[in-house]
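What follows is each chain in one-letter form.
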Protein chains: 2
Amino acid sequence: MSAAPACLSQGRAAITPALRDAVDRLDHRSRHQVAYHFGWLTADGAPDSADAGKAVRPALALLSAEAVGAPSRIALPGAVAVELVHNFSLVHDDLMDGDEERRHRDTVWKLWGPSSAILTGDAMLALAQEVLLECGLATAAPAARLLARATRHLIRGQVQDLCFEQRPHVTVEECTDMAAGKTGALLSASAAIGAVLAGAPQAAVDALALYGAHVGVAFQLVDDVLGIWGDPAVTGKPVHSDLRSRKKSLPVSHALNRDGPRRDELAAWFAAPGEPDEPDEQELRRAAGLIEGAGGRDWALAEAARRTALAEAALRDADLDAGAREELLALGRFVVDREA
Amino acid sequence: MSAAPACLSQGRAAITPALRDAVDRLDHRSRHQVAYHFGWLTADGAPDSADAGKAVRPALALLSAEAVGAPSRIALPGAVAVELVHNFSLVHDDLMDGDEERRHRDTVWKLWGPSSAILTGDAMLALAQEVLLECGLATAAPAARLLARATRHLIRGQVQDLCFEQRPHVTVEECTDMAAGKTGALLSASAAIGAVLAGAPQAAVDALALYGAHVGVAFQLVDDVLGIWGDPAVTGKPVHSDLRSRKKSLPVSHALNRDGPRRDELAAWFAAPGEPDEPDEQELRRAAGLIEGAGGRDWALAEAARRTALAEAALRDADLDAGAREELLALGRFVVDREA
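Position numbers for residues start from 1 in each chain and track the written sequence from start to end. Think of it this way: whatever chain is written first is A, whatever ligand is written first is 1, and the rest follow in order. Thresholds applied to this predicted model are a pLDDT of at least 70 for local features of residues and 80 or more for the giving and counting of side-chain atom pairs; totals over whole chains, interfaces and linings are not thresholded and use all residues. With hydrogens and water stripped out, all remaining heavy atoms of the structure feed into the side-chain values.

Naming follows an unreviewed UniProt entry, where chain A appears as Polyprenyl synthetase family protein of Actinocrinis puniceicyclus. UniProt positions are given in the numbering used here, feature names are shortened, and annotations may be inferred rather than shown by experiment. Under the UniProt heading Sequence similarities (unreviewed entry), the note attached to chain A is "Belongs to the FPP/GGPP synthase family."

See the structure below:
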């Protein structure tokens with residue numbers, strides 16, 4: 001694993017005060033739950049400094065302003081907004097997936113129940129738009145429009161994800177389209193929102209958006225690999241987490257769509273009802289082995305590398321600040337190289 | 001019950017094409033579920049023309065533009081957006097409350113499951129902002145800001161609602177604050193958003209927002225009365241629906257905070273765990289009788305009338321178009337007079 005680029009910790013430090021200010025607007029209960037989710041409070045309300053995630057999206061937002069020659073602070077409301085939208089989706093996802101832990105801590109729904117998780121997520125989504133629209137810039141409206149559209153595509157990807165679990169067959173193209181929505185849309189908006197707030201030319205905005213979209217799919221490919229083969233100590237999720245819910249992730253879709261002697265065996269395993277409460281570890285290991293044997297893992301990692309190259313090409317072809325471009329390139333590589 | 005003002009059917013007719021266009025942007029599955037929720041499709045996807053609700057919020061939005069001398073069409077994106085936000089909250093509410101029917105039809109979560117209801121609601125919320133921000137008006141940003149803030153207050157009210165169910169004691173003030181959030185915030189934004197889109201002076205916007213806020217609390221008071229004493233054939237909800245979930249609605253908070261011989265009996269009933277699966281009809285009738293005996297029903301209806309008078313005063317004191325003002329006054333009265 002490569003070292004985390006400095007822009008991640010710098011981005012986290014830059015946005016945290018503004019993010020806390022935004023969260024302070026929420027009602028007492030939602031504020032507590034959001035602050036817990038971000039690692040600032042324990043479940044009991046005591047100060048905490050737990051892992052709040054890598055904050056890739058805020059870092060992208062801040063760099064995208066610098067990439068078009070603007071100071072990163074102009075992107076701050078956008079950075080806060082994309083982090084809120086990302087975490088809205090995590091809080092709702094954890095509930096829908098029945099995941100009891102995130103970043104080695106209980107999830108919001110596990111602690112406070114499904115209704116609280118629904119409302120806390122809803123509050124974060126509404127707050128994201130509010131923060132952005134209150135920033136006072138003339139470019140707030142196009143930035144908010146970009147974010148709203150990305151949110152719609154993000155949700156579209158989640159809907160596809162849900163549907164695919166119930167379908168016997170999913171093509172690699174459908175699965176990639178899902179990843180482009182679920183992960184690519186918000187990373188794309190994150191990589192462009194700072195440039196939009198800075199009033200940059202459309203060509204620069206488009207190049208940054210394309211970069212983010214490719215990084216997003218690469219990120220999802222790696223995430224899917226970690227969801228099957230990742231080390232629980234590193235991912236903070238149970239081992240074989242995505243297999244427990246019979247999730248048709250990208251490596252799985254590749255394996256299921258490749259002719260081979262054990263394809264039917266794998267298809268039959270995915271067609272069987274999952275047993276989330278009493279997972280059979282041996283069964284899960286066998287399924288992971290079948291996917292790996294069909295080339296699902298190697299394909300996903302190679303495809304992630306190809307997407308990263310496309311992302312880098314998008315940046316190289318655009319008229320951008322050289323220093324910020326290098327930081328974006330390093331960030332993209334870090335996203336793809338992480339633990340997989 | 002007074003006749004529905006013409007502005008309601010006119011508003012519904014005016015916004016439906018734009019609302020359908022907006023919903024068409026959603027992914028296939030969300031589109032189907034939203035179209036079902038709005039009564040345009042059956043669960044199987046066949047065309048339908050079921051009850052889509054009264055569309056009070058779009059009517060308010062359109063009238064608020066006319067009230068400041070602008071054509072109602074300028075408010076159309078705002079009218080669509082407030083209807084989407086309202087229905088986002090209904091879809092999530094039905095899930096959280098476990099309500100299996102709305103407007104005499106199965107709810108979205110009942111038909112398609114909790115995850116679908118979460119995502120469908122999320123999609124409607126994101127779409128509301130998108131529609132508004134794409135309208136091309138320079139006033140889109142302040143209108144979107146108004147809507148985002150109202151959405152935050154709406155969610156705050158829902159959070160309070162949820163908390164109050166778990167608390168033994170709730171004051172009338174707390175309960176009124178909840179109603180001001182849950183219902184008042186979006187009706188207030190609806191009554192002002194057309195004026196904001198029209199670029200009206202702040203004084204007119206403020207008067208319309210105040211009108212909507214008071215109508216909202218009045219509406220909730222009446223809704224709470226219907227939730228306990230309403231006729232299921234009219235409300236489309238089970239009889240005593242709010243009592244089944246031990247909801248501390250406004251009439252209940254009044255009754256629980258009034259000294260009287262049977263106050264403790266009522267408090268004990270609300271402190272007991274609800275039995276949503278096997279409600280005891282006799283128990284529910286007894287609780288409804290206790291609340292009525294403590295003056296909860298009469299107080300709620302009188303308070304609704306008082307709020308309506310405050311709403312009317314806000315409009316009368318403002319510099320508004322006389323015709324639109326009369327329509328707003330009639331609409332406010334209709335909201336309070338309905339079936340209660």
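Let's shift gears to the overall build of chain A. The way it works is that DSSP assigns letters per residue, a run of H or I at least four long becomes a helix, a run of E at least two long becomes a strand, and they are numbered from the N terminus. Across its full length, chain A holds 16 helices and two strands. Whereas a compact globule of 340 residues would reach a radius of gyration of roughly 20 Å, chain A reaches 20 Å, a difference of no more than 12%. Oriented by its inertia axes, the alpha-carbon framework of chain A measures out at about 60 × 50 × 30 Å. Burial classes follow relative accessibility: with a 1.4 Å probe on protein chains only, a residue under 20% of its type's maximum area counts as buried, one over 50% as exposed, and anything between as partly exposed. Across the 340 residues in chain A, those meeting the buried criterion constitute 59%. Surface accessibility of chain A: about 12800 Å² in total, with carbon and sulfur atoms responsible for 51%. Counted as positive: Lys and Arg. Counted as negative: Asp and Glu, with His and the chain ends omitted from the count. To locate a charge, the coordinates of NZ of Lys, CZ of Arg, CG of Asp or CD of Glu are taken. Considering chain A, the positive charge centre built from 35 side chains and the negative charge centre built from 48 side chains are found 2 Å apart. Atoms counted for the radius of gyration: C-alpha only. Globule rule: 2.2 Å times the number of residues to the power 0.38. Only the protein chains shown count as cover for residues, with accessible areas throughout obtained via the Shrake-Rupley method and a probe of 1.4 Å.

Below, the discussion takes up the relation of the copies chain A and chain B. Mapping chain A onto chain B is achieved by rotating through 180° and translating by 0.0 Å along the same axis, at an RMSD of 0.0 Å. Both chain copies can therefore be described as sitting about a two-fold axis. In terms of C-alpha distance to the rotation axis, chain A has Ala-141 of chain A as its closest residue, with the C-alpha 2.6 Å off the axis. Least squares is the method used to superpose the copies, on C-alpha atoms of residues holding a pLDDT of at least 70 in both.

Turning our eyes to something else, we now look at the interface of chain A and chain B. For this analysis, residues touch if any pair of their heavy atoms sits within 4.5 Å. The interface of chain A with chain B comprises 36 residues on the first partner and 36 residues on the second. Taken together, both faces of the contact between chain A and chain B bury some 3200 Å²; the carbon and sulfur share is 70%. When two parts are brought into contact, each loses some accessible area as probed by a 1.4 Å sphere; the total of that loss over both is the buried area. Contact with chain B buries surface across chain A, with Leu-119, Leu-133 and Arg-152 of chain A losing the most and accounting together for 19% of the total. A pairing counts as a salt bridge when a side-chain nitrogen of Lys or Arg comes within 4 Å of a carboxyl oxygen of Asp or Glu. Counting across the interface, chain A meets chain B through six salt bridges. Here Arg-149 of chain B makes a salt bridge to Glu-134 of chain A, at a shortest N to O gap of 2.7 Å. The definition of a polar contact used here is a pair of N or O atoms within 3.5 Å, where within protein one atom must be able to donate a hydrogen and the other to accept one, and adjacent residues in sequence count solely through side-chain atom pairs. If you look at where chain A meets chain B, you find 10 residue pairs in polar contact (both at pLDDT 80 or more). Looking at the side of chain A that touches chain B, the elements that each hand over two or more residues are helix H2 (28-37), helix H4 (76-97), helix H6 (114-133) and helix H7 (140-165) of chain A. The dominant element in the side of chain A that touches chain B, judged by the number of residues it contributes, is H7 of chain A, at 13 residues.

The subject of this paragraph is the packing of helix H4 (residues 76-97) of chain B against helix H6 (residues 114-133) of chain B. Residue and element names in this part refer to chain B. Here an angle of 0 to 180 degrees is reported between the N-to-C directions of two axes, which are lines fitted to C-alpha atoms, with helices fitted over the stretch in contact. For the pair H4 and H6, interaxial distance at closest approach is 8 Å and the crossing angle is 165°. On the basis of the axis angle, H4 is roughly antiparallel to H6. Of the two possible hands of crossing, H4 and H6 adopt the one that is left-handed. Where H4 approaches H6, its residues Pro-77, Gly-78, Val-80, Ala-81, Leu-84, Val-85, Asn-87, Phe-88, Val-91, His-92 and Leu-95 are matched on the opposing element by Pro-114, Ala-117, Ile-118, Gly-121, Asp-122, Met-124, Leu-125, Leu-127, Ala-128, Val-131 and Leu-132. For the contact of H4 with H6, the per-class residue count stands at 17 nonpolar, four polar and one charged. Put simply, angles under 35 degrees are roughly parallel, angles over 145 are roughly antiparallel, angles from 65 to 115 are roughly perpendicular, and the rest are oblique. In this scheme, a crossing is called left-handed if the near helix is turned counterclockwise away from the far one by less than a right angle; it is called right-handed if the turn is clockwise. The residue classification treats Ala, Val, Leu, Ile, Met, Phe, Trp, Tyr, Cys and Pro as nonpolar and Asp, Glu, Lys and Arg as charged. All others, Gly included, are polar.

A word on the side chain of His-214 of chain A. Residues and elements named next belong to chain A. Mapped onto the fold, His-214 is located in helix H9 (residues 202-229). For His-214, a relative accessible area of 13% puts it in the buried group. For His-214, the residues in contact, after removing those within four places along its chain, are Arg-307, Leu-310 and Ala-311.

Turning to the pattern of salt bridges, a few remarks are in order. Under the counting rule described, the total for this entry stands at 46 salt bridges over all chains. A salt bridge links Arg-167 of chain A to Glu-174 of chain A; the nearest nitrogen and oxygen atoms lie 2.8 Å apart. Put simply, Arg-12 of chain B and Glu-83 of chain B hold a salt bridge, and the shortest N to O gap is 3.5 Å. With Arg-12 of chain B in helix H1 (residues 6-23) and Glu-83 of chain B in helix H4, this residue pair connects regions lying 71 residues apart in the sequence. Here Arg-12 of chain B and Glu-83 of chain B have matching classes, each one buried. What you see here is one network of salt bridges that share partners, running through Arg-25, Glu-130 and Glu-134 of chain A together with Arg-149 and Arg-152 of chain B.

Looking now at the nonpolar core. Among the buried residues, those of types Ala, Val, Leu, Ile, Met, Phe, Trp, Tyr and Cys that are joined through side-chain atoms within 4.5 Å form a nonpolar core. Counting 230 residues, the largest nonpolar core has Leu-84 and Tyr-211 of chain A together with Leu-84 and Tyr-211 of chain B as the members making the most contacts within it. Those residues in contact with Leu-84 of chain B that lie beyond four places of it in its chain are Leu-19, Val-23, Phe-38, Met-124, Leu-127, Ala-128 and Val-131 of chain B.

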